[in-house]
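# Coordinate analysis (summary)
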Amino acid sequence: MDKLINDFSIGLFFWQSLVFLLLIFVLKKYAWKPILNAVNEREQSIEDALKAAEKARLEMESLQESNEAILKEAREERERILKEARDMKNKMIAEAKDAAATEADKAIVSAKAAIEAEKTAAIDELKNQAASLSIDVAEKILGQELSAENKQTAMIGKIIEDVKFN
Amino acid sequence: MISKFTALSAFVGFMFFSAPVAAQDHGHEDAHYEDAHQNDAHSNGANTVESHSSEDHHDTHDTHSEGHGHADFVPASDTEGRKAVVKETVKHHLADSYDFHIVGPVGFPLPVILIDNGLKIFSSAKFHHGESVATVDGEHYKIHHSKIYKTDAEGTMLLDEAGNHIKPLDFSITKNVFMIMFMAVFMFFLFRGVANTYKKSLVPSKAGRFLEPLIVLIRDEIAIPNIGEKHYKRYMSFLLTIFFFIWFLNLAGMTPLGVNVTGNIAVTVSLALMTFFITQFSGKKDYWMHIFWMPGVPVLLRPVLAVIELIGLVVKPFSLTIRLYANMLAGHVVIMSILGLIYIFASYTAAVPFTGLTLFLYVLELLVAALQAYIFTMLASLYFGAAVEEHDHH
């Protein structure tokens, strides 16, 4: 202990304390603060970068998911449109067929009616012509043969019979 | 980096320790030049040369005042004499000094500052390496056992009324003070340089690559766990400064310059006292409660605990002081003593294992240098942590 006390030098103690305190303050200002700030800043930036990367990864994932959803939707849409188109086509064909059939029916009906009418007209015409022809014939016959009474009566009877058959 | 440094310092260390002995050998050399197996021994370290001289006639030799300022040539047969030389060398090496001695005659004087009937500032060159009396403004001073004493003109130490030798108040820039100042400047430029590299890029470069992990280590492994996220920032400057200061000075002590700053009690007392005062001034209510009126124990026990806690308060800085001082001092003493054994045994058989052992201890001391800095910083932060801790009261 005596030796320790004897070794103790006031001057050295004084200088050590003075220089060390100055060193603390000078280093604090010129070294430790800038160094620790830089280290903190770097750690912060690394952390931020990692977080940003994580965020980007998540975003990417969600983007991919939504892409897939969109793709799926598009596929469904396409399917739907195609189906609609097919349906439309079938419907149009069916409608066209229906319309055509109706038209054809109508044409047939009117053709039938026309034919009937023509036929009636033709029959009438024929009847008329037959009548006038008969009259003509009758006139002629009458003109020549009506001199004989029996012949007249036979003639008339024959004609009437013919007409009846018509 | 460390290993290169180790190897280099170890090498330089050997050269240094062998220097005074080598110098003596050279004085010897002229007389015994013809002696067998001398030449090769000189080339590799010189310590072992003495083996041949045991049966030599011992002429008188000049005093070699350079080197550590000790010793005439002591023959290898005189084991006791050589032990004394080693002891003196070790003692001299550990003590503070008024001039900065590097190697052989190379060195420079440092300013001596005394307060003795006014301020007296003069160069330590006036002492002529402690051999002569320095006369300044009519007062006479002499260095005795690495301390300055007041003497009369003839160099007889003066006594005060109580019969003690008179020592003037000494604020000299001694070798240790010089090293402290040098280290402060070195640290300033080193760490300011590191700080400046961050202006360019947040990625550390140059010395920062090596130092930044240490700074982060002190923050993440010492400060934050011991003091807590909330308060640790206030103490970072102190902890970082003290860690690097102690570590660098410990390492400087491993160089052959013989600086023994952290192995000096005045230095460690100063560091421990700062830690002590910072702790007390940052003590919160809880801290003082735990010292004077410990919650959670029977009331009768509380005064007893207060006494124990108060003793603990004083013991803490004391243990900080002694731990660092004793560790560093012991390391120096052990290394130099084992190197000294080579000189005492004076044989090849001793030189090889002791050189190896010294190298081993040297590497161990490099570890201790870092470890002691770490422990000091760790304990300081532990004390700060206790001071700012807030307990949830039950």
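Residues numbered from 1 in each chain as written. Chains lettered and ligands numbered in written order. Predicted model: local features only at pLDDT ≥ 70, side-chain atom pairs only at ≥ 80, totals over all residues. Heavy atoms only, no water.

## Notes on helix H5 (residues 207-227) of chain B
All names here are of chain B. Taking 1.5 Å per residue, 21 residues should reach 30 Å; H5 reaches 28 Å between its end C-alpha atoms and fits that length. Its axis deflected by about 25° at Arg 219, H5 carries its strongest bend there. Within H5, burial applies to Gly 208, Leu 211, Glu 212, Leu 214, Ile 215, Val 216, Ile 218, Arg 219, Ile 222, Ala 223, Ile 224 and Ile 227. A positive phi of about 100° marks Gly 228, the residue just after H5. (Helix = DSSP H or I, 4+ residues; strand = E, 2+ residues; numbered from the N terminus. Expected span 1.5 Å × (residues − 1). Bend = angle between axes of the 7 residues up to and from the residue. Buried < 20%, exposed > 50% of the residue type's maximum accessible area, 1.4 Å probe, protein only.)

## Section: the packing of helix H9 (residues 301-345) of chain B against helix H10 (residues 348-388) of chain B
All names here are of chain B. Axis separation between H9 and H10 bottoms out at 10 Å; the angle between their running directions is 175°. When the interaxial angle is binned, H9 and H10 end up roughly antiparallel. Of the residues contributing to the contact of H9 with H10, the split by class is 22 nonpolar, 6 polar and 3 charged. (Axes fitted to C-alpha atoms, helices over the stretch in contact; angles between N-to-C directions. Parallel < 35°, antiparallel > 145°, perpendicular 65-115°, else oblique. Nonpolar A, V, L, I, M, F, W, Y, C, P; charged D, E, K, R; others polar.)

## Here we look at a nonpolar patch on the surface
Judged by side-chain polarity, Ile 10 of chain A together with Ile 115, Leu 119, Ile 121 and Leu 169 of chain B come together as a nonpolar surface patch covering roughly 470 Å² of accessible area. In this structure Ile 10 of chain A comes out as partly exposed when scored by relative accessible area, which is 45%. (Patch = residues over 30% accessible without salt bridge, like charges linked within 9 Å, V, L, I, M, F, W, Y side chains within 5 Å. Areas by Shrake-Rupley, 256 points an atom, 1.4 Å probe, with all protein chains shown as cover. Salt bridge = Lys/Arg side-chain N within 4 Å of Asp/Glu carboxyl O.)

## Quick notes on the pattern of salt bridges
Tallying each qualifying case throughout the model produces 11 salt bridges over all chains. In this structure, Arg 42 of chain A engages Glu 212 of chain B in a salt bridge whose closest nitrogen and oxygen atoms are separated by 2.6 Å. A residue pair is termed interchain when its members come from two chains, as with Arg 42 of chain A in helix H2 (residues 10-145) and Glu 212 of chain B in helix H5. Of the two residues, Arg 42 of chain A and Glu 212 of chain B, both sit in the buried class. In this structure, the salt-bridge partner of Lys 83 of chain B is Glu 80 of chain B, at a minimum N-O distance of 3.6 Å. Of this pair, Lys 83 of chain B and Glu 80 of chain B both sit in helix H3 (residues 79-94), 3 residues apart, which is roughly one turn of the helix. Judged by relative accessible area, Lys 83 of chain B falls into the partly exposed class, the value being 42%.

## Here we look at the sheet that holds strand E4 (residues 119-123) of chain B
All names here are of chain B. Read across the open sheet, the 3 strands follow the order E4-E3-E8; overall the sheet is antiparallel. What marks the edges here is a single partner per strand, and that holds for E4 and strand E8 (169-170). Here 5 bridges tie strand E3 (residues 111-115) to E4, and the two strands are oriented antiparallel to one another. Its bridge partner lying in E4, Val 112 is registered against Phe 122. (Pairing = 2+ DSSP bridges.)

## A closer look at the domain arrangement of chain B
Each assigned domain of chain B is listed here: domain 1 (111-172) and domain 2 (176-388). Of note, the centres of domain 1 of chain B and domain 2 of chain B, computed from C-alpha atoms alone, are 34 Å apart. (Domains from an automatic or database assignment.)

## A closer look at the interface of chain B and chain A
With 49 residues of chain B in contact, the opposing surface of chain A contributes 34 residues. Buried surface at the junction of chain B and chain A, both sides included, amounts to about 3,600 Å², of which 77% is carbon and sulfur. For the pair chain B and chain A, the number of links is 2 salt bridges. Inspection of the region where chain B meets chain A yields 7 residue pairs in polar contact (both at pLDDT 80 or more). Elements that contribute at least two residues to the side of chain B that touches chain A include exactly helix H4 (175-200), H5, helix H6 (232-254), helix H7 (265-281) and H9 of chain B. Among the elements that line the side of chain B that touches chain A, the one with the most residues is H4 of chain B, at 12 residues. (Contact = heavy atoms within 4.5 Å. Buried area = accessible area lost by both parts, 1.4 Å probe. Polar contact = N/O pair within 3.5 Å; in protein donor to acceptor, adjacent residues only side chain to side chain.)

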